[in-house]
There are 2 protein chains.
Amino acid sequence: MDHAEAEARLLDAAEELFYARGVQAVGMDQVREASGVSLKRLYQVFPSKSELVRACLDRRDGRWRARLAAHVEACPAGRERVLAVYDWLYEWFTEPDFRGCAFINAYGELGAVDPAVADAVRAHKRAFHDYLAGLVAAAGGPEHVVAPLVLLAEGAMTAAAISGSPEPARQARLGADQLLAAS
Amino acid sequence: MDHAEAEARLLDAAEELFYARGVQAVGMDQVREASGVSLKRLYQVFPSKSELVRACLDRRDGRWRARLAAHVEACPAGRERVLAVYDWLYEWFTEPDFRGCAFINAYGELGAVDPAVADAVRAHKRAFHDYLAGLVAAAGGPEHVVAPLVLLAEGAMTAAAISGSPEPARQARLGADQLLAAS
DNA sequence: CCGTAGCGAGAACGACCGTTCTCGCGCAAC
DNA sequence: GTTGCGCGAGAACGGTCGTTCTCGCTACGG
């Protein structure tokens, strides 16, 4: 097993565990056990837990936005692409291991204590905002609806996590539909 | 110092510390130091940390909703009362120690690990939803806008926390205004 | 075939955490 | 005045965590 594979297995295991149980509730030994990578090598690849956390967030950010974009871009251009965001949220919320937005969770747990985590969360949210702004602009929608559309999506993530239901995605979509129609 | 005062001082100190730094980042000894209540009495009043956490959430729930209601009910009845919710959010977000919704934070940190926390968070969010639904009904608004209005508020809380700006409250208010107008 | 460099498994270490225990003191009841 | 109970201060305990170290083993270069 070379460096690259060890890194991938560590990120796979750590991301899943951190997301499912929270960062502080997962020990490095559990990451070792789930990944099959020895502790020694773990610390060669990620010199500390907080760097592992950071790497997990970075990778998740890329994958999450790529999945969203893939779904959106399969829809006809224009207004429908904005609404497709909420359809994708519904699919995400329905996944069996869904436990809310990993970035919001990480911010609540570590944002006050680990500035690198706070930075990663801010970057992720800014990227999502910018992406949605691009979709709205392409659809010819007014700029001032972008922020409420983002808040609907953000609120849907936390509401879906807390309630355990994917329904907030539908409700957010309805709200987004009205906001776009009214403009 | 009697039992009641010890309890109040413990809740004051614990709530502030947990909110500012996260629950797991605060040790019982720091609660003792900040409250001036001895460790022995702390454990007489709250037999475990998770019961202390639970009591903090319960008390915060009551106070938070009372503050919101006090602000809302000082406004003229009807539509303005719904929008007053977002004005109050702005005031809240502007407080110097604002760090997001304590319930969302607690859910992200402990929801997967402590079912009592998850229950308290769900109860708080359900109460907020019901309160907003009552305001919308009193304003003659249609029931189907309630859920998006809740999502706007929820999204504003997390966006304000992560961005460090109170602006999401304004944006949520604009979105809510449009939703109410379009119905 | 020998030396050595790197590896995995797991023990070890130091710090901290939640919780309980000890001990000395003040005070209230008889 | 004595006795005993409740208190605060802080030590102690058992466990866990992040991180490092030890120690055989393996595999490869000369």
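With respect to the overall build of chain A
So, point 1. A count of helices and strands for chain A gives nine helices and zero strands.
So, point 2. Along chain A, helices (α) and strands (β) appear in the sequence α-α-α-α-α-α-α-α-α when read from the amino end.
So, point 3. Expressed as a percentage of contacts within chain A between residues at least 6 apart in sequence, the contacts between residues at least 24 apart total 67%.
So, point 4. Working note: accessible area of chain A is about 7,900 Å², and carbon and sulfur atoms make up 51% of it.
So, point 5. Here chain A carries 20 positive and 25 negative side-chain charges, and the mean point of each set is 2 Å from the other.

Side note on the protein's contact with DNA strand C
So, point 1. As a structural note, the neighbourhood of DNA strand C is formed by A:Ser38, A:Lys40, A:Arg41, A:Gln44, B:Val26, B:Gly27, B:Met28, B:Leu39, B:Lys40, B:Tyr43, B:Ser48 and B:Lys49.
So, point 2. Near the protein, meaning within 4 Å, the atoms of DNA strand C are sugar or phosphate in a fraction of 59%, with bases accounting for the rest.
So, point 3. Between DNA strand C and A:Ser38 there is a distance of 3.0 Å, counted from a phosphate oxygen to a side-chain nitrogen or oxygen.
So, point 4. For DNA strand C, a phosphate oxygen lies 3.5 Å from a polar atom in the side chain of A:Arg41.
So, point 5. If you list the elements that add at least two residues to the surface near DNA strand C, you get helix H3 (39–45) of chain A together with helix H3 (39–45) of chain B.
So, point 6. The class makeup of the residues in the surface near DNA strand C is four nonpolar, four polar and four charged.

Regarding the domain arrangement of chain A
Residue and element names in this part refer to chain A.
So, point 1. Under the domain assignment, chain A is made up of domain 1 (1–47) and domain 2 (58–181).
So, point 2. Centre-to-centre, using C-alpha coordinates, domain 1 lies 27 Å away from domain 2.
So, point 3. Facing the ten residues of domain 1 at the interface are twelve residues of domain 2.
So, point 4. Summing both partners gives a buried area of about 870 Å² for domain 1 against domain 2, and 45% of it is carried by carbon and sulfur.
So, point 5. The largest per-residue losses of area from domain 1 upon contact with domain 2 belong to Glu15, Tyr19 and Gln24, which jointly make up 68% of the total buried on that side.
So, point 6. Remark: the boundary between domain 1 and domain 2 carries four salt bridges.
So, point 7. Between arginine 60 and glutamate 15 there is a salt bridge, with the nearest N and O atoms lying 3.2 Å from each other.

Let's talk about the side chain of B:Asp61
Residue and element names in this part refer to chain B.
So, point 1. Relative to the assigned elements, aspartate 61 resides in helix H4 (residues 49–73).
So, point 2. For aspartate 61, a relative accessible area of 16% gives the class buried.
So, point 3. Looking at aspartate 61, its side chain comes within polar contact range of the side chain of arginine 65, at 2.7 Å.
So, point 4. Those residues in contact with aspartate 61 that sit more than four places away from it in its chain are Phe103 and His124.

Things to note about the relation of the copies chain B and chain A
Two copies of one chain are present, and they are related through a rotation about an axis combined with an axial shift.
So, point 1. With an RMSD of 0.0 Å, chain B superimposes on chain A once it is rotated by 180° and translated 0.0 Å along the axis. Seen this way, the second copy is the image of the first under a two-fold rotation axis. Looking at the rotation axis and the C-alpha trace of chain B, the residue lying nearest is B:Gly155, at 1.9 Å.
So, point 2. Most of the interface of chain B is mirrored in chain A: 97% of its interface residues are interface residues there too.

Concerning the interface of chain B and chain A
So, point 1. Each partner contributes to the interface: chain B provides 36 residues, whereas chain A provides 36 residues.
So, point 2. On the chain B side of the contact with chain A, B:Leu151, B:Ile162 and B:Gln178 bury the most area, a combined 24% of that side's loss.
So, point 3. Scanning the region where chain B abuts chain A turns up zero salt bridges.
So, point 4. Viewed at the interface, chain A and chain B are joined by six residue pairs in polar contact (both at pLDDT 80 or more).
So, point 5. Elements with a minimum of two residues in the side of chain B that touches chain A: helix H1 (3–21), helix H6 (102–110), helix H7 (115–138), helix H8 (146–163) and helix H9 (167–181) of chain B.
So, point 6. Among the elements that make up the side of chain B that touches chain A, the one with the highest residue count is H8(B) (eleven residues).
So, point 7. Classifying every residue of the side of chain B that touches chain A gives 20 nonpolar, ten polar and six charged.

Points about the packing of helix H5 (residues 79–94) of chain A against helix H7 (residues 115–138) of chain A
So, point 1. Running from amino to carboxyl end, H5(A) crosses H7(A) at an angle of 145°, the nearest separation of the two axes being 8 Å. Across the interface between the two elements, A:Arg81, A:Val82, A:Val85 and A:Tyr86 from H5(A) touch A:Phe128, A:Leu132, A:Leu135 and A:Val136 from H7(A).

Here we look at the protein's contact with DNA strand D
So, point 1. DNA strand D sits among A:Val26, A:Gly27, A:Met28, A:Leu39, A:Lys40, A:Tyr43, A:Ser48, A:Lys49, B:Ser38, B:Lys40, B:Arg41 and B:Gln44.
So, point 2. Looking at DNA strand D alone, sugar and phosphate atoms form 60% of those within 4 Å of the protein.
So, point 3. The separation between a phosphate oxygen of DNA strand D and a polar main-chain atom of A:Met28 is 2.7 Å.
So, point 4. The contact in question runs from a base oxygen of DNA strand D to an N or O atom on the side chain of B:Lys40, over 3.1 Å.
So, point 5. Among the elements of the structure, H3 of chain A together with H3 of chain B are those that each provide at least two residues to the surface near DNA strand D.
So, point 6. For the surface near DNA strand D, the residue count by class is four nonpolar, four polar and four charged.

Rules behind the numbers
- Residues numbered from 1 in each chain as written.
- Chains lettered and ligands numbered in written order.
- Predicted model: local features only at pLDDT ≥ 70, side-chain atom pairs only at ≥ 80, totals over all residues.
- Heavy atoms only, no water.
- Helix = DSSP H or I, 4+ residues; strand = E, 2+ residues; numbered from the N terminus.
- Contact = heavy atoms within 4.5 Å.
- Areas by Shrake-Rupley, 256 points an atom, 1.4 Å probe, with all protein chains shown as cover.
- Lys, Arg positive; Asp, Glu negative; His and termini not counted.
- Charge placed at Lys NZ, Arg CZ, Asp CG, Glu CD.
- Near = heavy atom within 4 Å.
- Polar contact = N/O pair within 3.5 Å; in protein donor to acceptor, adjacent residues only side chain to side chain.
- Nonpolar A, V, L, I, M, F, W, Y, C, P; charged D, E, K, R; others polar.
- Domains from an automatic or database assignment.
- Buried area = accessible area lost by both parts, 1.4 Å probe.
- Salt bridge = Lys/Arg side-chain N within 4 Å of Asp/Glu carboxyl O.
- Buried < 20%, exposed > 50% of the residue type's maximum accessible area, 1.4 Å probe, protein only.
- Least-squares fit on C-alpha atoms with pLDDT ≥ 70 in both.
- Axes fitted to C-alpha atoms, helices over the stretch in contact; angles between N-to-C directions.

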